[in-house]
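# Coordinate inspection notes
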Amino acid sequence: MKIREKKVPMSEQLPQERIKNFNEVPFGYTEEEAVLEASRCLSCKKPPCVGGCPVEIDIPDFIAKIRERKFREAARILKEKNCLPAICGRVCPQEEQCEKVCVLGKKFEPCAIGRLERFVADWEAKEGIEIPKVEKPTGKRVAVVGSGPAGLTVAGDLAKMGHEVVIFEALHKPGGVLVYGIPEFRLPKAIVQREVEFVKALGVKVVLNFVVGKTKTVDELLLDFDAVFVGTGAGLPWFMNIPGENASGIYSANEYLTRVNLMKAYLFPEYDTPVIRGKRVAVIGGGNVAMDSARTALRLGAEKSMIIYRRGREEMPARIEEIIRAEEEGVEFHFLTLPVRYITDEKGWVSEMECIKMTLGEVDSSGRRRPIPCPGSEFRIPVDTVVCAIGQSPNPLIPQTTPGLEIGRHGNIIADEKTGKTTKKGVFAGGDIVTGAATVILAMGAGRIAARSIDEYVKSGIW
Amino acid sequence: MARILKKKILAPGIKEFIVHSSLIAQKALPGQFVVLRISEEGERIPLTIAEASPEDGAVRIIFQEVGKSTKQLALLEEGDEILDFVGPLGKPSEIEFFGNVVGIGGGVGSAVIYPVLKALKKKGNYLIGIIGARTHKLLIMEDEIKPLCDEFYATTDDGSYGRKGFVSDALFDLLKEGKKIERVIAIGPVPMMRAVANLTKSYNIPTIVSLNPIMLDATGMCGVCRVEVGGETKFACVDGPEFDGHKVNFDLLASRLATYQVEERISLERFEKGRG
């Protein structure tokens, strides 16, 4: 049988329609489409895709089950290694991981592993989720700080091992960046809710509105728990520290997205939290968060939504899929452009942004060509809303209130890559709080690793 | 969920709740605040803690009904549950022996200054209290603040009670008399804190103000509460809410507070129409 050269396409909302709503853009595969795509998998004897997956899913195995239309079994295989497949199937950068090393990809398009993962997870949700067996209770208690991807993974894994797990979440909804950061049109909140319910069904308790470092410190948690895992993410937004940046109408991406996603400001006034529905919106940055913000602005009714990025299209860290979607939707890209100051009106609102043109010089430490300003090239762009999406650093609340925890140069918690152990006995950490802002799946990978060593530690008591 | 144990009307449009939260009551220190939310559609509202009693797990909050959310909050009764109640947030006040300390509360700011004064008294400071309001019936906390103070003054804008004028006028009286003052703490509306800070600057008296910018998560994540202090950007929720009053950019604070004026009006009108 001749192999299809291209992935089976996934149908999606048309750009001119989807910018008018917050519904998810792709619809997902039908059973027929999934089986057809699954038939493209070469079932390699030594599958490189498994090594490309941070949580080591048995990819050819679950795809084989799809091919055999044994979707329930496919779901079981997925869930063995991944508590959150519906999320990973949507937001993982597969093109950098499993699909990057897919053997089929050497000649043709790689097998659509992400789309198949999503299909299986959604199929299971529709048909009824099966709760895996958990080990008998060990009597050990673990506190997990933060309910983002790292926290949910570590909690799910430890619960399966028979430990008693309590997640402490600062916000009023569980999910961390999955609920406050990633927009509804990319990751529906009902799906996050579903995955959280799954983790709870494993026996994990979730305590909301509990700010570790304030409500109780890590040291106080250690009195009640055998171990503590810190997965509090990269919650401190960066600004550029340029003149006028505190004007009204200038947001951090965290604020802009939190208003819209967590607080549902797009439904104002039915929901109480407002957000500015700017007509001319400039988003600073070239990552996924910048794409999310620019596409959110369109859905809030912007006439012009612009990405302002200091390097070129090739250098943008966002997933190519997200860049293409933003382009399709009409986001305007201003490359090699750097804001230098903001001009405000008499009421303190941002009205213009002064930018300078850049050129690319030598390759820098990030492996990308360094942007250099062109003197005298300043020009102005009229704007009424600005979203600063240039990155964020680890949340300082726990580093500041936990003596004995070694902190790195960027405010990150120092933890062993292979175990998640910090410099403080009984305390583990993983995800963005350790690495700085990265991806959902890397945080989950760190959670998986930490769960193994927490299990060892609480059972043996050996640090 | 946190249950409202007691509700009291302190003045027209100013309410007091005693809320049950053992965790927060055990931890709260003067100057810290809570964030609450009352419904699934609700916004997150920061409110300073007026008092905390660890022994009965009670947290006292006092608020003025200004917008939709605070008006809706005011409709809750004893026995009702507040959906989300989180804290204590922010850095606590600096409580030390300073000497002669003037504590100034304007409007609902009097509720916020109360726990700070109580703690400063314990440290042996000589306390001069000044509280003010637009008119007598809006003046709150006098019964509790006055007994704490070695000297006490009340002011009303309309002269219906105490000294006619602003709290800053009462402070100016003291300064003109040549009163020795080591520290001033002023909590209240932006124009009042600005007036006090301007006044004490010329006398070189260290002055602390407690800022009330718009907040969202209130844990340092969003940056909406950014304020400028000495030319540097700070997040009031984690770096504050108290700052050196001589260094605060009050103009910026006032303009950022007005960001959602239009939306706040829409929300309030819609709410009142729904009720009427």
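Scoring rules and cut-offs
Per-chain numbering applies: the sequence of each chain, read as written, is numbered from 1 onward. Going through the entries in the order they are written, you letter the chains from A and number the ligands from 1. Side-chain atom pairs in this predicted model are given and counted only at pLDDT of 80 or more, local residue features only at pLDDT of at least 70, and totals for whole chains, interfaces and linings cover all residues. Side-chain measures were taken over the full set of non-hydrogen atoms in the model, leaving aside hydrogen atoms and water. Only DSSP runs of H or I reaching four residues or more are called helices, and only runs of E reaching two or more are called strands; each is numbered from the N terminus. To get the radius of gyration, use the C-alpha atoms; to get the globule rule, take the number of residues to the power 0.38 and multiply by 2.2 Å. Only protein chains enter the accessibility calculation, which uses a 1.4 Å probe; a residue is then buried when its area is under 20% of its type maximum, exposed when over 50%, and partly exposed in between. A contact between two residues is defined here by any heavy atoms of the two lying within 4.5 Å. To be clear on the numbers: accessible area is Shrake-Rupley with a 1.4 Å probe, and residue cover counts the displayed protein chains and nothing else. Whether two strands pair depends on DSSP finding at least two bridges between them. Fitting a line to C-alpha atoms yields each axis, with helices limited to the stretch in contact; the angle taken between N-to-C directions then spans 0 to 180 degrees. Throughout this description, the term salt bridge denotes a Lys or Arg side-chain nitrogen within 4 Å of a carboxyl oxygen of Asp or Glu. Residue ranges assigned to the domains are those given by an automatic or database domain assignment. Two parts placed together each lose some accessible area under a 1.4 Å probe, and the buried area is that loss summed for both. Under the rule applied, a polar contact is a pair of N or O atoms within 3.5 Å (in protein, one hydrogen donor and one hydrogen acceptor; residues adjacent in sequence only if both atoms are side-chain atoms). Note on terminology: angles under 35 degrees are roughly parallel, angles over 145 are roughly antiparallel, angles of 65 to 115 are roughly perpendicular, and the others are oblique. Under this grouping Gly is polar, as are all residues other than the nonpolar Ala, Val, Leu, Ile, Met, Phe, Trp, Tyr, Cys and Pro and the charged Asp, Glu, Lys and Arg. Here a Phe, Tyr or Trp ring, Trp counted by its six-membered ring, pairs with any other such ring whose centre lies within 6.5 Å, and the pair is stacked when the planes are under 30 degrees apart, edge-to-face when over 60, and tilted otherwise. Ring-over charges, as used throughout, are those where CZ of Arg or NZ of Lys falls within 6 Å of the ring centre and within 35 degrees of the ring normal. The set of buried Ala, Val, Leu, Ile, Met, Phe, Trp, Tyr and Cys residues whose side-chain atoms join them within 4.5 Å is what this entry labels a nonpolar core.

Let us now look at the overall build of chain A. Counting secondary structure elements, chain A contains 17 helices and 16 strands. Taken over the C-alpha trace, chain A has a radius of gyration of 23 Å; the compact-globule value for 463 residues is 23 Å, and the two agree within 12%. Seen through its principal axes, chain A has C-alpha atoms that stretch 65 × 65 × 50 Å. When the 463 residues of chain A are sorted by exposure, 59% land in the buried category. Within chain A, contacts between residues separated by at least 24 positions form 70% of all contacts whose residues are at least 6 apart in sequence. When the accessible area of chain A is evaluated, it comes to approximately 18,500 Å², of which 53% is carbon and sulfur surface.

Our focus in this paragraph is the sheet that holds strand β4 (residues 227-230) of chain A. All names here are of chain A. The 5 strands lie next to each other as β3-β2-β1-β4-β16, forming an open sheet whose pairing is parallel. Unpaired on one side and paired on the other, β3 (205-207) and β16 (427-429) mark the two borders of the sheet. Strand-to-strand twist of the sheet, defined as the mean angle between neighbouring strand axes without regard to direction, takes the value 20 degrees.

The next thing to look at is the pattern of salt bridges. Enumeration according to the criterion identifies 66 salt bridges over all chains in this entry. We note a salt bridge from A:Lys81 to A:Asp58, for which the minimum N-O separation is 3.8 Å. Of this pair, A:Lys81 sits in helix α5 (residues 71-81) while A:Asp58 sits in the loop between α3 (48-52) and α4 (59-67); the two residues are 23 residues apart in sequence, bridging distant segments of the chain. The class of A:Lys81 is partly exposed, set by a relative accessible area of 23%. For A:Asp58, a relative accessible area of 23% corresponds to the partly exposed category. With a shortest N-O distance of 2.7 Å, B:Glu51 and B:Lys118 are connected by a salt bridge.

In this section: the domain arrangement of chain B. All names here are of chain B. According to the domain assignment, chain B contains domain 1 (2-89) and domain 2 (100-257). Of note, the centres of domain 1 and domain 2, computed from C-alpha atoms alone, are 21 Å apart. In this complex, domain 1 contributes 19 residues to the contact, which on the side of domain 2 involves 21 residues. For the pairing of domain 1 and domain 2, the buried interface totals around 1,600 Å² over both sides, and the portion due to carbon and sulfur atoms is 68%. When the area that domain 1 buries against domain 2 is broken down by residue, the three leading residues are Pro30, Phe33 and Arg44, summing to 25%. In this structure, the connection of domain 1 to domain 2 is made through 2 salt bridges.

Residues and elements named next belong to chain A. Structurally, isoleucine 413 is set in the loop between α15 (397-401) and β16. By relative accessible area, isoleucine 413 is classed as buried at 1%. Setting aside chain neighbours within four positions, we find isoleucine 413 in contact with Val230, Ile398, Pro399, Leu405, Glu406, Ile407, Thr422, Ala429, Ile433 and Val434.

With that settled, consider the side chain of B:Asp84. Residue placement: B:Asp84 occurs in strand β7 (residues 84-89). A polar atom in the side chain of B:Asp84 sits 2.7 Å from the side chain of B:Arg37. Beyond its immediate chain neighbours, meaning those up to four positions away, B:Asp84 contacts A:His172, A:Asn209, B:Val35, B:Leu36 and B:Arg37.

Now for the packing of α4(A) against α5(A). Residue and element names in this part refer to chain A. Contact pair α4 / α5: the axes reach a minimum separation of 7 Å and the direction vectors enclose 170 degrees. Between α4 and α5, the crossing angle belongs to the class labelled roughly antiparallel. Only Phe71, Glu73, Ala74, Ile77 and Leu78 of α5 make contact with α4, whose side of the interface consists of Asp61, Phe62, Lys65 and Ile66. The residue makeup of the contact of α4 with α5, split by class, is 6 nonpolar, no polar and 3 charged.

A complete count under the given rule lists 13 aromatic pairs over all chains for this structure. Residues A:Phe168 and A:Phe210 carry aromatic rings whose centres are separated by 4.5 Å and whose planes lie at 45 degrees to one another, so their mutual orientation is tilted. Highlighted residues: A:Phe168 in strand β2 (residues 164-168) and A:Phe210 in the loop between β3 and α11 (218-224), separated in sequence by 42 residues. For the pair formed by A:Phe168 and A:Phe210, the shared burial category is buried. Relative to A:Trp463, the ring of A:Tyr457 lies with its centre 5.1 Å away and its plane at 85 degrees, an arrangement referred to as edge-to-face. Of the aromatic side chains, those joined through ring pairs into one cluster are A:Phe22, A:Phe185 and A:Tyr266. One Lys or Arg, A:Arg141, reaches over the ring of A:Phe225 and ends 4.4 Å from the middle of that ring. Looking at B:Arg183, its charged tip hangs above the ring of B:Phe98, at a distance of 3.9 Å from the centre.

Next up on the list: the interface of chain A and chain B. Between chain A and chain B, the residue contacts involve 43 residues of the former and 44 residues of the latter. Here chain A meets chain B over a buried area of about 3,700 Å², counting both sides, of which 54% is carbon and sulfur. Three residues, A:Lys214, A:Asn246 and A:Asp272, lead the burial of chain A against chain B; their summed loss comes to 21% of the area buried on that side. At the junction of chain A and chain B, the tally comes to 4 salt bridges. One salt bridge connects A:Glu270 with B:Arg270, and the closest N-O pair in it is separated by 3.5 Å. The tally of links between chain A and chain B comes to 23 residue pairs in polar contact (both at pLDDT 80 or more).

This part covers the sheet that holds strand β6 (residues 250-252) of chain A. Residue and element names in this part refer to chain A. Strand order in this open sheet of 5 strands is β6-β14-β7-β8-β9, and the pairing throughout is parallel. One side of each edge strand has no neighbouring strand; the edge strands of this open sheet are β6 and β9 (332-334). Neighbour-to-neighbour, the strand axes of this sheet turn through a mean angle of 20 degrees, independent of strand direction. Both β6 and strand β14 (residues 385-388) contribute to a ladder of 3 bridges, which runs parallel. Bridging across to β14, serine 252 finds its partner in cysteine 388.

Take the nonpolar core next. Residues A:Ile59, A:Phe62, A:Ile63, A:Ile66, A:Leu116, A:Ile307 and A:Ile454 are the most contacted members of the largest nonpolar core, which totals 113 residues. With 9 residues, the single largest contributor to this core is helix α17 (residues 440-460) of chain A. In this structure, A:Ile307 is in contact with A:Val283, A:Gly285, A:Ala290, A:Met291, A:Ala294, A:Val331, A:Glu332, A:Phe333 and A:His334, ignoring residues within four places of it in sequence. With 42 residues, the next largest nonpolar core counts B:Leu174, B:Met192, B:Val227 and B:Phe250 among its residues.

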